[in-house]
Amino acid sequence: MSLVFIRRLSKTEKREADLMLALTAEERMRSRHKFQTPEGQTVFLQLDRGTVLYDGDLLQSDSDTVLRIVAKPEPVLTVQAPTLLDLLRSAYHLGNRHVPLEITPTCLRLAPDSVLRNMLEQLGMDVTEELHPFQPEAGAYGSQGNHHSHSH
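Every value quoted in this text rests on a predicted model; they were computed, and no experiment measured them. (Residues numbered from 1 in each chain as written. Predicted model: local features only at pLDDT ≥ 70, side-chain atom pairs only at ≥ 80, totals over all residues. Heavy atoms only, no water.)

1. Overview of helix α1 (residues 84-96)
- The terminal C-alpha atoms of α1 lie 18 Å apart, and with 13 residues this matches the ideal 18 Å at 1.5 Å per residue to within 8%.
- Three or more residues of α1 are buried, namely Asp86, Leu87, Ser90, Ala91 and Leu94. Buried residues of α1, viewed axially, fall in a sector of 140°; they line one side. With respect to the buried face of α1, the exposed residues turned more than 90 degrees away are Leu85, Leu88 and Tyr92.
- Of the residues trailing α1, histidine 98 is marked for its positive phi of about 55°. (Helix = DSSP H or I, 4+ residues; strand = E, 2+ residues; numbered from the N terminus. Expected span 1.5 Å × (residues − 1). Buried < 20%, exposed > 50% of the residue type's maximum accessible area, 1.4 Å probe, protein only. Arc of directions from axis to C-beta.)

Next up, the structure:
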């Protein structure tokens, strides 16, 4: 039996999850897609087009089953800088290239890219490869312009 998840629960709707699904950043941008849980349960997402899912989101199925979304660790480049100004400068250069970017108070994260890594290192940044949950910014006009908040 497959489940069809049709809506994201609001933060005020406190529910226990019946299932969990770990997704990469790219997969969390697929609002209409078929996935499989680690237990082998097939789930279909049929959310509003353009919905971006975040770590901890709860989805409700047409049969009232609740699914928790987990940000799956994936390969990323983590960028740290000697000063905050240097980190801002790096964010500016990456933004000019329209690179999906996670911004935290102490670092930037982006998908691995050797050309961008070289550029950042030439700017004097410390760039390391990691496996880490990746949550890029939705952008000024992104999915309902709201949902992202950092837990730092």
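2. Side note on the packing of α1 against helix α2 (residues 114-122)
- At a closest axis distance of 11 Å, the pairing of α1 and α2 adopts a crossing angle of 150°. Classified by the angle between their axes, α1 and α2 sit roughly antiparallel to one another. Considering how the two elements wind past one another, α1 and α2 form a crossing that is right-handed. In this structure, α1 uses Ser90, His93 and Leu94 to contact α2, whose residues at the interface are Leu116, Met119 and Leu120. (Axes fitted to C-alpha atoms, helices over the stretch in contact; angles between N-to-C directions. Parallel < 35°, antiparallel > 145°, perpendicular 65-115°, else oblique. Left-handed = near helix turned anticlockwise from the far one by under 90°. Contact = heavy atoms within 4.5 Å.)

No statement about biological role is implied by the geometric values presented.
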